[in-house]
Amino acid sequence: MAYFDAASAAPLHSVARQALLASLDEGWADPARLYREGRRARVLLDAAREAAAEAVGCRPDELIFTSSGTRAVHTGIAGALAGRRRVGRHLIVSAVEHSSVLHSAESLEAAGGTVTQIPVDRTGRVDPAAYGDALRADTALACLQSANHEVGTEQPVAEVAEACRAAGVPLLVDAAQSLGWGPVEGDWSLLTASAHKWGGPAGVGLLVVRKGVRFAPQGPVDERESGRAAGFENIPAIVAAAASLRAVRAEAAEEALRLRELTERIRVRVPRAVPDVEVVGDPVRRLPGVVTFSCLYVDGEVLLHELDREGFSVSSGSSCTSSTLTPSHVLRAMGVLSEGNVRVSLPVGVAEEDVERFLEVLPGTVAAVREKLGAPVASEVAREEDVLVVDSLGKRCPIPVIELAKVIGDVPVGGLVRVLSDDEAARLDIPAWCEMRGQEYAGEEPADRGTAYLVRRAS
């Protein structure tokens, strides 16, 4: 089985496993106690904190360990907002942040605060000037991920941090996806990360709060972790997290070159081997092991199941694989195709042979999935004056786009096709199909049920 979903959770690093097993015998006691076992546990905890701080590029007393990366984000945002409550209750985030950041923003809005969401371009990258323009007198905090978790695009953190620093606003950086590859550049104020993203054990997060940043921990006060993270420290897991971070950093430069070559191989060869594919994300400024593409006329859930049957574990941002039946907020913000979406995120040490086998298997798998979906039946197409109407109500992606593709040739150049759909994904996928196939997207309009999407035949 080839595991290609390291952006969700990287396999446990061998160094992490060794450190975890060793520290189980030494780090079980309460590090706050003064007897021998407690002192031994304290030594392990302090050493792990120093190692993690060195990797981040901060002081050890600026870094605390939390129970997860999500907890680190929630704690960091809540504490920073509370610490600057006299300034205001305005938060700035990008449209492609991790859900933990967006959920914190929703909580702020529910409590009466305001949130500005910065858009991204088609590669998923923010414009630093947009952050500068969004800063206000009542801005308490800005947030920006170092690299995107779905498409791998790296963000201009240093430029955004400079704009925030000039305005006196702290910047929180979610470095979950990038910290294993190197420290985050720029004059940021807070940083969060998650150990299971770089091969450490799950259940360990990092929160860094620079000295001088106003921060007021929320919730009941706890004496552990500088009063910022309640609960008994999981010292064996923390030791394993710090040890694995140091280990992956030691091999990061060489491994990054190897993974970039493999992901570039996928980026170039997939569109050549599979028709009607859009590779998304920045082609240059991206994480070493992440490549994402979307396939027209493909049900994402079926494709992932078929790839799993072939021995490949991949993930997707397609609405077809989500219980919410809505496209990934990242793909939606980028304005790219969401149907048949596949994210390949290669783990450290992945075999080149597995990547080659994936490239061999993928074309036939996509073709088989497309064939299973079939063509629309004639009764689903009708004419409304000079407009061809496609009724796709009640049908999930990618059926609306498939039916559109089947009938676009039945109207003259300049003619309209009106696609009726109540699937939210159609709002993203139909315009994306038009751009890919050289047709004109003429907008949308309300319908008796769902929405009518208008497409004008251009060629």
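Residues numbered from 1 in each chain as written. Predicted model: local features only at pLDDT ≥ 70, side-chain atom pairs only at ≥ 80, totals over all residues. Heavy atoms only, no water.

Caption draft 1: Structural detail: the sheet that holds strand E4 (residues 114-118). Read from one edge of the open sheet, seven strands run E2-E8-E7-E6-E5-E3-E4, paired in mixed fashion. The open sheet is flanked by strand E2 (63-66) and E4, the only strands paired with a single partner. Direction aside, the axes of adjacent strands within the sheet are offset by 20° on average. Two elements, strand E6 (residues 171-174) and strand E7 (residues 190-194), share three bridges in a ladder whose sense is parallel. Bridge pairing links Val173 to Leu191 in E7. (Pairing = 2+ DSSP bridges. Helix = DSSP H or I, 4+ residues; strand = E, 2+ residues; numbered from the N terminus. Axes fitted to C-alpha atoms, helices over the stretch in contact; angles between N-to-C directions.)

Caption draft 2: Here's a closer look at the pattern of salt bridges. This model, assessed by the stated rule, comprises 31 salt bridges. Residue Arg40 pairs with Glu26 through a salt bridge whose shortest N-O separation is 3.2 Å. Of this pair, Arg40 sits in helix H2 (residues 36-56) while Glu26 sits in the loop between helix H1 (14-24) and H2; the two residues are 14 residues apart in sequence, bridging distant segments of the chain. Taking relative accessible area as the criterion, Arg40 reaches 33% and is therefore assigned partly exposed. Residue Glu26 is classed as partly exposed on the basis of its relative accessible area of 35%. Arg122 is the salt-bridge partner of Glu435, the closest N and O atoms lying 3.6 Å from each other. Of the two residues, Glu435 is situated in helix H13 (residues 426-437) and Arg122 in the loop between E4 and helix H5 (128-134); the sequence distance between them amounts to 313 residues. Overall, Arg122 belongs to the partly exposed group, its relative accessible area being 30%. Salt bridges here are not isolated pairs; linked through shared partners, they connect Glu261, Arg265, Arg269, Glu352 and Glu356. (Salt bridge = Lys/Arg side-chain N within 4 Å of Asp/Glu carboxyl O. Buried < 20%, exposed > 50% of the residue type's maximum accessible area, 1.4 Å probe, protein only.)

Caption draft 3: Inspection of the layout of surface pockets at higher detail. Its boundaries defined by the atoms lining it, the largest pocket holds a volume of some 440 Å³. Elements that contribute at least two residues to the lining of the largest pocket include exactly helix H6 (157-167) and helix H8 (252-273). The biggest single contributor to the lining of the largest pocket is H8, with four residues. Classifying every residue of the lining of the largest pocket gives 12 nonpolar, four polar and six charged. Size it by volume and the second largest pocket reaches roughly 380 Å³. In terms of lining, the second largest pocket is formed by 23 residues, of which the most central are Ala10, Trp181, Lys197, Pro347 and Val348. Its residues placed into classes, the lining of the second largest pocket shows 15 nonpolar, six polar and two charged. (1 Å grid on protein atoms, 1.4 Å probe; cavity = no way out; pocket = protein on both sides within 12 Å on 5 of 7 lines; lining within 4 Å. Points joined across faces, edges and corners; volume = space filled by probe spheres on them. Nonpolar A, V, L, I, M, F, W, Y, C, P; charged D, E, K, R; others polar.)

Caption draft 4: Quick look at the nonpolar core. By size, the foremost hydrophobic cluster in this structure holds 58 residues, and its most contacted members are Val56, Leu63, Phe65, Leu171 and Trp198. The greatest single-element share of this core, amounting to nine residues, is contributed by helix H7 (residues 235-250). Apart from the residues within four sequence positions on either side, Leu171 is in contact with Ala142, Cys143, Leu144, Val157, Val160, Ala161, Cys164, Trp188, Ser189 and Leu190. Grouped together as the second largest cluster of nonpolar side chains are 28 residues, Val277, Leu304, Val342 and Leu359 included. (Core = buried A, V, L, I, M, F, W, Y, C linked by side-chain atoms within 4.5 Å. Contact = heavy atoms within 4.5 Å.)

Caption draft 5: Structural detail: the side chain of Glu225. Counting through the fold element by element, Glu225 comes out in the loop between strand E8 (205-209) and H7. Side chain to side chain, Glu225 and Arg49 meet in a polar contact 2.8 Å long. The contact partners of Glu225, leaving out residues within four places of it in the chain, are Leu45, Arg49, Ile64, Phe65 and Glu233. (Polar contact = N/O pair within 3.5 Å; in protein donor to acceptor, adjacent residues only side chain to side chain.)

Caption draft 6: Just the pairing of E8, in detail. When you tally the buried positions in E8, you get five out of five residues, the bulk of the element. Of the two faces of E8, both are covered, the one formed by Gly205, Leu207 and Val209 as well as the one formed by Leu206 and Val208. Judged from the four bridges that link them, E2 and E8 form a sheet pairing that is antiparallel. Paired with Leu63 across the strands is Val208, a residue of E8.

Caption draft 7: Representation of the packing of aromatic side chains in the model. For the structure shown, the criterion picks out three aromatic pairs. Measuring from centroid to centroid gives 5.7 Å for Phe4 and Phe312, while their planes differ by 40°, and the two rings are tilted. Of this pair, Phe4 sits in the loop between strand E1 (2-3) and H1 while Phe312 sits in strand E11 (residues 312-313); the two residues are 308 residues apart in sequence, bridging distant segments of the chain. When its relative accessible area of 0% is taken as the criterion, Phe4 is described as buried. For Phe312, a relative accessible area of 0% corresponds to the buried category. (Phe/Tyr/Trp six-rings, centres within 6.5 Å; stacked < 30°, edge-to-face > 60°.)

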